[in-house]
Amino acid sequence: MKPIDIDVVIAWVDGNDPVHRAKRARYSGRPEIARDDVGGETRFVSTGEIYYCIASIVRFAPFVRRIFVVTDGQDPHAEAFLTRHFPDCRIPVEVVDHTTLFAGYEEYLPTFNSLSIETMLWRIPGLSEHFVYCNDDFFVAAPLQPTDWFDGQGRAVCYASRFGTRWAAFLRAVKPRKNGHRPFGHKDAMLNAAQLLHRPFFYHLGHMPLAQRRSVLADWFGAHPQELVENMRHRFREPHQFNPQELCYLLGVREDKCTVRSPKGRTLFLKPTADKAGYMERKLREADRMDHLQFGCVNSLEQAPEADRQLFADWMARRIGIDFSMK
């Protein structure tokens, strides 16, 4: 099989931007929107995670054709960052505005909903058939080969284990309420995709870069335009929305466009907070002992103490070989 083009798509927002904050405030009329699982502040805060993401891709996945940064009237100035730290980098970075994704559906903008945005990523002009989706807090932790994301037949590699739909639905039904509601989590959106397709299980996806096949999403949404609109029309997260990456894997495995591998030992998930003394140091020490670590996520880094944020920056700097204090 000849080499394939692989693009990376990164969804990014700078919630500290006063223009974006004012825009969000205009549409935050319902009290429940302030919840962390819907539209709380932590969903939008940026502490420079996107630079870890981009730098790790350039260092460890130099075969990537192009990086698309999807955002709302903002610019992370990634080209300047790459010029400073990777002057020989051949991977161009293109900023894609939400207005491009939602062309023809502008009445649903602005949106502050990651699931709505992810539903539309396959519409990026010029996007490769083979692409990898990242939240801005994802990163690559070690050198990759293209086959780590797409196998020799071009199938998207899904690193996940199966999770029974009935069991997940039961767990959701008995989930403890917080302030009168059941939080809507990552697994709930995957369960919704499985229920939509009437599947007895779903692939329990971790927080890591996710390889996708554009045609799987384009064909299904083309045949189900009402599902496209229903999943992307909400400005803030709603508990009935489904995870589009999960949809791609459930459909793609049946179409032989996706394949599944074990995630064991390959991923690192960090969720530091001020009340977890020693957490960051312990987790990073464990990561250094992982022989097959490839992917990672540092979630809600802004909630960590400054010392822990510095520990992570130093760890990434050693791993990638650049000084992140010079962004």
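Residues numbered from 1 in each chain as written. Predicted model: local features only at pLDDT ≥ 70, side-chain atom pairs only at ≥ 80, totals over all residues. Heavy atoms only, no water.

Colleague: It is not clear to me how the nonpolar core should be interpreted in this structure. Could you clarify?
Modeller: The nonpolar side chains of soluble globular proteins are, as a tendency, buried together. Within the largest apolar cluster, 102 residues are counted, with the highest numbers of intra-cluster contacts made by Ile-67, Trp-149 and Phe-312. Residues within four places of Phe-312 in sequence aside, it is in contact with Tyr-52, Phe-139, Leu-270, Met-280, Leu-284, Val-298 and Leu-301. (Core = buried A, V, L, I, M, F, W, Y, C linked by side-chain atoms within 4.5 Å. Buried < 20%, exposed > 50% of the residue type's maximum accessible area, 1.4 Å probe, protein only. Contact = heavy atoms within 4.5 Å.)

Colleague: I'm lost on helix H8 (residues 214-223) in this one. Help?
Modeller: Since there are 3.6 residues in each turn of an α-helix, residues three or four apart along the chain are aligned in direction. Among all positions of H8, only Ser-215, Val-216, Leu-217, Ala-218, Trp-220 and Phe-221 are buried. For H8, the secondary structure elements touched by its buried residues are helix H5 (114-119), strand E4 (130-135), helix H7 (186-196), strand E8 (210-213), helix H9 (225-232) and helix H10 (244-254). (Helix = DSSP H or I, 4+ residues; strand = E, 2+ residues; numbered from the N terminus.)

Colleague: Looking at this structure, how should I read the sheet that holds strand E10 (residues 267-270)?
Modeller: Pairing between sheet strands relies on hydrogen bonds along the backbone, with the strands arranged either parallel or antiparallel. Spatially, 3 strands are ordered E5-E11-E10 in an open sheet, and the strand pairing comes out mixed. With partners counted over all chains shown, the strands left at the sheet margins are strand E5 (138-140) and E10, one partner each. Geometrically, the sheet is characterised by an average inter-axis angle of 20 degrees between neighbouring strands, direction not taken into account. As paired strands, E10 and strand E11 (residues 295-298) are joined by 4 bridges and run parallel to one another. Within E11, the position partnered with Phe-269 by the bridge is Cys-297. Helix H2 (residues 49-60) contacts E5 and E11 of the sheet and is inclined by roughly 25 degrees relative to E5. (Pairing = 2+ DSSP bridges. Axes fitted to C-alpha atoms, helices over the stretch in contact; angles between N-to-C directions.)

Colleague: Please explain the sheet that holds strand E9 (residues 258-261) as it appears in this structure.
Modeller: The 3 strands lie next to each other as E7-E6-E9, forming an open sheet whose pairing is mixed. With partners counted over all chains shown, the strands left at the sheet margins are strand E7 (201-205) and E9, one partner each. This sheet shows a mean twist of 60 degrees between the axes of neighbouring strands, independent of strand direction. Judged from the 5 bridges that link them, strand E6 (residues 156-164) and E7 form a sheet pairing that is antiparallel. The partner of Phe-163 across the bridge, within E7, is Phe-202. Helix H6 (residues 165-173) rests against E6 and E7 of the sheet, and its axis sits at about 65 degrees to E6. Each of E6 and E7 is contacted by H7, which is oriented at about 150 degrees to E7, the strand it contacts most.

Colleague: Explanation requested: the packing of aromatic side chains in the structure shown.
Modeller: Per the stated rule, a full pass over the model turns up 19 aromatic pairs. Centre to centre, the rings of Phe-139 and Trp-315 are 6.2 Å apart; their planes meet at 70 degrees, and the pair counts as edge-to-face. In this pair, Phe-139 sits in strand E5 while Trp-315 sits in helix H12 (residues 306-320), placing the two residues 176 residues apart along the sequence. Of the two residues, Phe-139 and Trp-315, both sit in the buried class. Each ring, one from Trp-220 and one from Phe-242, has its centre 6.4 Å from the other, and the planes form 85 degrees; the classification is edge-to-face. Residue Trp-220 is found in helix H8, and its partner Phe-242 is found in the loop between H9 and H10; the two are separated by 22 residues along the sequence. Judged on exposure class, the residue Trp-220 and its partner Phe-242 are both buried. An aromatic cluster is built from Tyr-51, Tyr-52, Phe-81, Phe-139, Phe-312, Trp-315 and Phe-324, whose rings are joined through pairwise contacts. In this structure, Arg-162 packs its charged tip against the face of Phe-201, placed 3.8 Å from the ring centre. (Phe/Tyr/Trp six-rings, centres within 6.5 Å; stacked < 30°, edge-to-face > 60°. Lys NZ or Arg CZ within 6 Å of the ring centre and 35° of its normal.)

Bear in mind that shape data such as this cannot, by itself, settle questions of function.
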